[in-house]
There are 2 protein chains.
Amino acid sequence: MRDLDLSSSATFSLNATTAPVTGAGAAAPTAARDAVRALRSSQIREVANAGFGVADILPFWFGESDRVTPAFIREAAAGALARGETFYTHNLGIAPLREALARYVSELHGATPMENVAVTSAGVNALMLAAQLVVGAGDRVVAVTPLWPNLVEIPKILGATVETAALGYGERGWTLDLEKLLKALTPDTKLLMINSPNNPTGWVMTRDEQRAVLEHCRRHGIWIVADEVYERLYYGEPGERTASSFLDLASREERLICVNSFSKAWLMTGWRLGWIVAPRVLMDDLGKLVEYNTSCAPSFVQQAGIVALEQGEASTRALVANLRVSRDHLAAALAKLPGVDVKVPHGAMYLFFKLEGAQNSLDLCKALVREAGLGLAPGSAFGPQGEGFVRWCYACDPARLDAGVERLSRYLARR
Amino acid sequence: MRDLDLSSSATFSLNATTAPVTGAGAAAPTAARDAVRALRSSQIREVANAGFGVADILPFWFGESDRVTPAFIREAAAGALARGETFYTHNLGIAPLREALARYVSELHGATPMENVAVTSAGVNALMLAAQLVVGAGDRVVAVTPLWPNLVEIPKILGATVETAALGYGERGWTLDLEKLLKALTPDTKLLMINSPNNPTGWVMTRDEQRAVLEHCRRHGIWIVADEVYERLYYGEPGERTASSFLDLASREERLICVNSFSKAWLMTGWRLGWIVAPRVLMDDLGKLVEYNTSCAPSFVQQAGIVALEQGEASTRALVANLRVSRDHLAAALAKLPGVDVKVPHGAMYLFFKLEGAQNSLDLCKALVREAGLGLAPGSAFGPQGEGFVRWCYACDPARLDAGVERLSRYLARR
């Protein structure tokens, strides 16, 4: 059906159109709308681009382990493919996965029926769906920063305005100024976006802080979207399986949408599988939004999720034990370098440390990749509150961390 | 970290909160925002629910073949999993898939560089991303109906208003009233959403119609989002591989966002893999939106997409040949039934036929599933213009179609 005379872009380019251009709109540039153009692009990608052509780079800039997904999870997906599980599924996910998630969440955080659980196409997709559920144009959102940019930018796509409340940094590392946050949560606020354990700082919200925020939000009818994708990457007392969650405190039917993901605790970043725990009254509307966003997560990916939940506990525990070793190893090595101020946080998989000379952390990280072959994420990528810091993902073995520290050390010595 | 005293919903339910409820917002219901509650839910699901408990149902209601994805595509995904391809990919997709898509699209529709191609997490996800790129609150969108509800509902999630321009139905089946459509495309219109070959009607837009619409939209600076996921399911002259596409007429740098999917032509519904062809100037902004929606499609799913494109042509051609047989078989069988007015369209995989007594097609389809074990989609699911019709997906073998027709025949005879 291709018509060669017409398919050439020269013939039918805007300039060559045969009809006169008369409408007002035709003069407008061919571009995305202003709100989308104003969204932040990834500074990490900007740093990576600065390293284009550098042959030998040690990258610690992404929030991803260098380890492949455990074999038993990959085999579960391959098995589902072999069985022919290649069809659409229910918008909210296949029932066995929702049931497995309900059991898993109930065990960690108290009774959670499957009717309160929905499967999503990644944790970030869960954040987008949560935002679509509750915020529209003109709504006020508050986010606690420094923060993975996605939580701040997503509400803007929907026309909402986002105010930030900053964590403080001091002797005890990153901490919450509770009074400041509650003050920012004015009665006209629609939604609080909060991420604990936190990317990039590793900050973990305490149960008392969660209780105070929850009670304040209850009083004013403010929704909480809690991004808890790092809950299992928590370095607490022996036997503690998870960081404190809003789910430990809230009923399942109040204004809390809890977002989680298979990416971190099961090494499944490239699978794009996540979930939401939310009030039952939202589920029909959430199902519609899933339909209009991705319709469902891939069927064989969902099957692998069941196996990850049912057989993955030992693997997750071993991962967290390894991460703790890597964290301590990297922190000890960094602490020896001049101009480095590093604190050891209790969660996530990053050290977010202060570095002398990083007043422009983006420029510094570009120089590091070009001149030292070391890939770090600039603190400014996580909001202005992160300026002066850099983020190092330590989800790899200590030898690789040592090689990176060696590069940083040499770079700092040359300055 | 779980605190048993606090995790009980009874202790911390809204009613039992210790702090007094004083804010205005707290009195508001715990519910999704109005715009989301107003979104249409699936009438097909409503029909399916009506059949709950009916043991023997022949379902033709979903837009999905009953055949599993070809083995060589499933094996490609399993191979990628075995190789350990389980990490994040570039937001716009892995380069080899974008290159393979560029070659494929170029072959069908003229030169299309990979810089104009982006991978998405399903065709519907591509529609959502396209809408996010160009429309926000208050924008005017026009959609040609009857239509898969997703194209009409997606802009509403972003606060846009959607007007519909209806196809006409007559002796030649469903046809476009071009004058009516151009009149609906007022200069203040931001976006036209159009789907050809069309779900549910099978209507295929002619090249002349596409040219007229394109020229009109150029004059007024109106964006076109062309949903062409059924382009290969086209029953034209021998040797014609695809329905006419806006890509055949437009340059790659004008206001056209063309949406496609692996779901239909490669039997990959459950994989959630699609793509966008769009002006290069949009690609940075599209990359940001992908980051904030799903970040990327699963890596091993993208690998399977490459294999589908490079080795799938024979399989797609055989599929289309089979679908043509099924279409003709079903149309001939239906034409013999009393009260059925069926026309044979040139595209997609549905017969959208008029049925006496289907003035309330939702009620009729519920009765059909309950009383005859026959699963059809009500015409009203595709907008008021579809009322009086029902949709039958014929993507299965003729024997199964016969069994369905037999059930319909018996039901009609009993009435």
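Owing to the predicted nature of the structure, the values given are computational and were not obtained by experimental measurement.

(A) Layout of the overall build of chain A. On a plain count of helices and strands, chain A comes out with 14 helices and 15 strands. Counting only C-alpha atoms and orienting by the principal axes, one finds that chain A spans roughly 70 × 55 × 55 Å. Put simply, chain A has 415 residues, and 65% of those count as buried. For chain A, long-range pairs separated by at least 24 residues make up 75% of all intrachain contacts whose partners lie at least 6 apart in sequence. Within the structure as shown, chain A displays about 14100 Å² of accessible surface, and the carbon and sulfur contribution to it stands at 53%. On chain A, the mean spot of the 42 positive side-chain charges and the mean spot of the 44 negative ones are 2 Å from each other.

(B) Fine view of unusual backbone geometry. Residue and element names in this part refer to chain B. A cis amide bond links Thr 145 with the next residue in sequence, Pro 146, at an omega value of 0°. Following the sequence through the fold, Pro 146 ends up in the loop between strand E3 (140–145) and helix H7 (149–157). With an omega dihedral of 20°, the bond running from Asn 199 to Pro 200 counts as a cis peptide bond. Counting through the fold element by element, Pro 200 comes out in the loop between strand E7 (189–195) and helix H9 (207–220). In this structure, Leu 267 takes a positive phi of about 55° despite not being glycine. By secondary structure assignment, the location of Leu 267 is in the loop between strand E9 (256–261) and strand E10 (274–277).

(C) Helix H14 (residues 398–414) of chain A, seen in detail. All names here are of chain A. Compared with an ideal rise of 1.5 Å per residue, which puts 17 residues at 24 Å, H14 spans 24 Å between its outermost C-alpha atoms and is within 8% of the ideal. When H14 is considered as a whole, its buried residues turn out to be Leu 401, Gly 404, Val 405, Arg 407, Leu 408, Tyr 411 and Leu 412. Along H14, the residues classed as buried sweep out an arc of 155° about the axis, all on the same side. Facing away from the buried side of H14 by more than 90 degrees, the exposed set consists of Ala 399, Ala 413 and Arg 414.

(D) Structural view of the relation of the copies chain B and chain A. Between the two copies, chain B and chain A, the superposition gives an RMSD of 0.0 Å; the rotation angle is 180° and the shift along the axis is 0.0 Å. Classification of the inter-copy transformation places it as that of a two-fold axis. Residue Ala 78 of chain B, judged by its C-alpha, is the member of chain B lying nearest the rotation axis, at 2.5 Å. A symmetric contact is evident, with 99% of the interface residues of chain B recurring at the interface of chain A.

(E) Here's a closer look at the pattern of salt bridges. All names here are of chain A. Per the stated rule, a full pass over the model turns up 40 salt bridges over all chains. The partner of Lys 366 in a salt bridge is Glu 46, with the nearest N and O atoms 2.9 Å apart. Of this pair, Lys 366 sits in helix H13 (residues 361–372) while Glu 46 sits in helix H3 (residues 43–50), and the two are 320 residues apart along the sequence. Relative accessible area serves as the criterion here: at 18%, Lys 366 is assigned to the buried category. Linked by salt bridges that have partners in common, Glu 107, Arg 232, Arg 241, Glu 313 and Arg 317 make up one network.

(F) Main features of the UniProt feature "domain: Aminotransferase class I/classII large" (unreviewed entry) in chain A. Feature annotation in UniProt assigns "domain: Aminotransferase class I/classII large" (unreviewed entry) to the following positions: residues 67–408 of chain A. Between the C-alpha atoms that bound residues 67–408 of chain A the distance is 23 Å, and the span itself is 41% helix and 18% strand.

(G) Expanded view of the sheet that holds strand E15 (residues 389–393) of chain B. All names here are of chain B. The antiparallel open sheet is built from four strands, whose spatial order is E11-E12-E15-E14. Edge positions in the sheet fall to strand E11 (340–341) and strand E14 (377–378), since each has one partner strand and no second. Looking at chain direction, E11 and strand E12 (residues 350–355) are connected through two bridges and run antiparallel. From the neighbouring strand, Asp 341 faces E12, where its bridge partner is Lys 354.

(H) Focus on empty space enclosed by the protein. All names here are of chain A. Counted under the stated rule, the structure contains ten cavities of 30 Å³ or more. Each pocket or cavity is described by its volume, and for the largest cavity that value is around 90 Å³. As for the largest cavity, its lining consists of 13 residues, and the residues nearest its centre are Glu 64, Ser 65, Ser 263, Lys 264 and Leu 267. For the lining of the largest cavity, a count of residues per class yields seven nonpolar, three polar and three charged. Built from parts of two domains, the lining of the largest cavity gets at least three residues from each of domain 1 (43–68 + 314–414) and domain 2 (71–311).

(I) Layout of the domain arrangement of chain A. All names here are of chain A. By the assigned domains, chain A splits into domain 1 (43–68 + 314–414) and domain 2 (71–311). For domain 1 versus domain 2, the distance between C-alpha centres works out to 26 Å. With 30 residues of domain 1 in contact, the opposing surface of domain 2 contributes 35 residues. Of the roughly 2700 Å² buried between domain 1 and domain 2 on both sides combined, carbon and sulfur atoms contribute 60%. For the domain 1 face of the interface with domain 2, the top three residues by lost area are Lys 343, Phe 382 and Gln 385, together amounting to 20%. Our count for the contact surface shared by domain 1 and domain 2 stands at zero salt bridges. For the pair domain 1 and domain 2, the interface holds 15 residue pairs in polar contact (both at pLDDT 80 or more). When residues of the side of domain 1 that touches domain 2 are traced back to their parent elements, those giving at least two are helix H12 (313–335), strand E12 (350–355) and strand E15 (389–393). If you tally residues by element for the side of domain 1 that touches domain 2, the top one is H12, at eight residues. In the side of domain 1 that touches domain 2, the residues fall into 13 nonpolar, eight polar and nine charged.

(J) Summary view of the interface of chain B and chain A. Listed as interface residues are 116 residues of chain B and, on the opposing side, 115 residues of chain A. When the two sides are added together, the surface that chain B and chain A hide from each other amounts to roughly 9100 Å², 56% of it contributed by carbon and sulfur. Taken together, the connections running from chain B to chain A amount to zero salt bridges. One can count 36 residue pairs in polar contact (both at pLDDT 80 or more) joining chain B with chain A. The residue makeup of the side of chain B that touches chain A, split by class, is 50 nonpolar, 37 polar and 29 charged.

(K) Quick peek at the side chain of Asp 139 of chain A. Residue and element names in this part refer to chain A. Here Asp 139 is to be found in the loop between helix H6 (123–134) and strand E3 (140–145). Within the local environment of Asp 139, its side chain forms a polar contact with the backbone nitrogen of Gly 136, the two atoms lying 2.8 Å apart. Residues contacting Asp 139, with those up to four places away along its chain left out, are Val 134, Ala 160, Thr 161 and Lys 190.

(L) Structural view of the sheet that holds strand E2 (residues 117–120) of chain B. Residues and elements named next belong to chain B. A sheet is described by the order of its strands in space; here seven strands give the open sequence E2-E10-E9-E8-E7-E3-E4, paired in mixed fashion. Each end of this open sheet is capped by a strand with a single partner; those strands are E2 and strand E4 (161–166). Each neighbouring strand pair of the sheet contributes to a mean axis angle of 20°, computed without reference to strand direction. On the sheet, helix H5 (residues 95–109) packs against E2 and E10 and is oriented at approximately 120° with respect to E2. Contacts from helix H6 (residues 123–134) reach E2, E7, strand E8 (223–227), E9 and E10, with the element oriented near 165° to E9.

(M) Focus on the pairing of E15 of chain B. Residue and element names in this part refer to chain B. E15 sits mainly inside the fold: five of its five residues count as buried. Across five bridges, the pairing between E12 and E15 is antiparallel. What sits directly across from Tyr 350, in E15, is Cys 393. Where E14 meets E15, two bridges bridge the pair, whose relative direction is antiparallel. Counterpart to Pro 378 in the pairing with E15 is Val 390.

Thresholds, definitions, all that
Residues numbered from 1 in each chain as written. Chains lettered and ligands numbered in written order. Predicted model: local features only at pLDDT ≥ 70, side-chain atom pairs only at ≥ 80, totals over all residues. Heavy atoms only, no water. Helix = DSSP H or I, 4+ residues; strand = E, 2+ residues; numbered from the N terminus. Buried < 20%, exposed > 50% of the residue type's maximum accessible area, 1.4 Å probe, protein only. Contact = heavy atoms within 4.5 Å. Areas by Shrake-Rupley, 256 points an atom, 1.4 Å probe, with all protein chains shown as cover. Lys, Arg positive; Asp, Glu negative; His and termini not counted. Charge placed at Lys NZ, Arg CZ, Asp CG, Glu CD. Expected span 1.5 Å × (residues − 1). Arc of directions from axis to C-beta. Least-squares fit on C-alpha atoms with pLDDT ≥ 70 in both. Salt bridge = Lys/Arg side-chain N within 4 Å of Asp/Glu carboxyl O. UniProt positions renumbered as here; feature names shortened; annotations may be inferred. Pairing = 2+ DSSP bridges. 1 Å grid on protein atoms, 1.4 Å probe; cavity = no way out; pocket = protein on both sides within 12 Å on 5 of 7 lines; lining within 4 Å. Points joined across faces, edges and corners; volume = space filled by probe spheres on them. Nonpolar A, V, L, I, M, F, W, Y, C, P; charged D, E, K, R; others polar. Domains from an automatic or database assignment. Buried area = accessible area lost by both parts, 1.4 Å probe. Polar contact = N/O pair within 3.5 Å; in protein donor to acceptor, adjacent residues only side chain to side chain. Axes fitted to C-alpha atoms, helices over the stretch in contact; angles between N-to-C directions.

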